[in-house]
Amino acid sequence: MDMSVERSLRRFEPPARLRDVVEHAWVAERGVGAPASSAREVLLPDGCGQLLIVAGTPAVVSDPLTGDRYDADSSVRGPALAVRVRETTGPGVALGLRLTPVGLARLWAPRPAPRGLVPAAARLGADAVTAVVDALNSQDVEAAVLNAWVAVDRVPQHDIADADRLAQALAVAQSVRGVVRSVDLAHEVGVPLGQLHRWCVQLLGVDPGRWLSAVRFAAFVREAVGPGPVRPDRMVAALRWYLQAGYPPRETERFTGLSAADLRRLADRLEQGSSMREHPVQDVLV
């Protein structure tokens, strides 16, 4: 019997009016005929918020260090700052909007980015979420994306001068894969370090050092494993390879965003967990 998973993964650029708040949209499907066993992948921290709308079986996301698990249902979350493992166990389709780092602040100021998950209906309205889910269930991807654009467009964007300055600073950081000190980043945009710190805490919900560490780690892994889905075993291999090189502690943290001890702990937990079983990665919800 053919047990391959019918799936699709498509990416969509936002309309010009939303480019300050949305980097791109994606739609991924794990279709009928998926094997009973699960498929796993590593989700990398990217420092960006996400709006997710799910039709069908939601994925289960876990923290490999703590073991905490939750269903990745329709929700809004703040910037991704740590590694997570995503497991799909049944058919479903999801639409995600990867927000710009300051996108949450522009849409829902003055509240900082949520530390947990907020139901998507609480931010967009139940009718808007239902319209996207109905289109996904009807396999009308274009309509689902259009409904998502309309829903976000209905949220008044806040004109925040500090968000513009912070976006400029974070763009500089992203251009150098996060390998920049907070004090140097503040100097790049002509503000004191304390001001940059206040912007990050107020508009991102996190201090600049933590945000930069996440960006550095994601860039480090991407350089090692390339684009596309990140299998847990490939990530462990990349971490082990780097650790064997024996780089000095300061260089390790500057390049990867984590200390050697944290890298080793993460590799150990991924290796010990069930995420190391051999399952094909079928789609990417990041």
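Being a predicted model, the structure only gives us computed values, none of them experimental.

Rules behind the numbers
- Residues numbered from 1 in each chain as written.
- Predicted model: local features only at pLDDT ≥ 70, side-chain atom pairs only at ≥ 80, totals over all residues.
- Heavy atoms only, no water.
- Buried < 20%, exposed > 50% of the residue type's maximum accessible area, 1.4 Å probe, protein only.
- Helix = DSSP H or I, 4+ residues; strand = E, 2+ residues; numbered from the N terminus.
- Pairing = 2+ DSSP bridges.
- Axes fitted to C-alpha atoms, helices over the stretch in contact; angles between N-to-C directions.
- Lys, Arg positive; Asp, Glu negative; His and termini not counted.
- Salt bridge = Lys/Arg side-chain N within 4 Å of Asp/Glu carboxyl O.
- Polar contact = N/O pair within 3.5 Å; in protein donor to acceptor, adjacent residues only side chain to side chain.
- Contact = heavy atoms within 4.5 Å.
- Left-handed = near helix turned anticlockwise from the far one by under 90°.
- Nonpolar A, V, L, I, M, F, W, Y, C, P; charged D, E, K, R; others polar.

## Notes on the pairing of strand E4 (residues 50–56)
Item 1. With six of seven residues buried, E4 lies mostly within the body of the structure.
Item 2. Here E4 runs beside strand E7 (residues 75–77); their pairing, made up of three bridges, is antiparallel. The partner of Leu 52 across the bridge, within E7, is Ser 75.
Item 3. In this sheet, strand E9 (residues 92–99) lies alongside E4 in antiparallel orientation, the contact comprising seven bridges.

## Some thoughts on the sheet that holds strand E5 (residues 59–62)
Item 1. What the four strands build is an open sheet, ordered E3-E8-E5-E6; its pairing is antiparallel. With one partner strand each, in any of the chains shown, strand E3 (39–43) and strand E6 (69–72) form the two edges of the open sheet. If you compare each strand with its neighbour and ignore which way they point, the axes differ by 25 degrees on average.
Item 2. Pairing of E5 with E6 involves four bridges; the strand directions are antiparallel. Its bridge partner lying in E6, Val 61 is registered against Tyr 70.

## Examining the side chain of Arg 77
Item 1. Along the chain, Arg 77 turns up in strand E7.
Item 2. Although Arg 77 lies buried, it forms no salt bridge, and the closest oppositely charged side chain, Asp 46, sits 4.8 Å away as judged by the N-O distance.
Item 3. At 2.9 Å, the side chain of Arg 77 forms a polar contact with the backbone oxygen of Cys 48.
Item 4. Setting aside residues no more than four positions away along its own chain, Arg 77 makes contact with Cys 48, Gly 49, Gln 50, Leu 104, Pro 114, Gly 116 and Leu 117.

## A closer look at the pattern of salt bridges
Close approach of charged atoms lets side chains of opposite charge pair.
Item 1. Summed over the entire model, instances satisfying the criterion amount to 16 salt bridges.
Item 2. Close ionic contact of Glu 223 with Arg 177 constitutes a salt bridge, the shortest N to O distance being 3.0 Å. Placement of the pair is Glu 223 in helix H8 (residues 208–225) and Arg 177 in the loop between helix H5 (161–175) and helix H6 (182–188), with a sequence separation of 46 residues.
Item 3. Residue classification places Glu 223 among the exposed positions, given a relative accessible area of 52%.
Item 4. If you follow the salt bridges from partner to partner, you end up with Glu 23, Asp 46 and Arg 98 in one network.

## Comments concerning the packing of helix H9 (residues 232–244) against helix H11 (residues 260–272)
Item 1. In contact at an axis separation of 9 Å, H9 and H11 are set at 145 degrees when each is read in the N-to-C sense. Judged by the sense of rotation from one axis to the other, the crossing of H9 with H11 is left-handed. Along its contact with H9, which presents Met 235, Val 236, Leu 239, Arg 240, Tyr 242 and Leu 243, the element H11 presents Ala 260, Leu 263, Arg 264, Leu 266, Ala 267, Asp 268, Leu 270 and Glu 271.
Item 2. Taken together, the residues of the contact of H9 with H11 break down into ten nonpolar, no polar and four charged.

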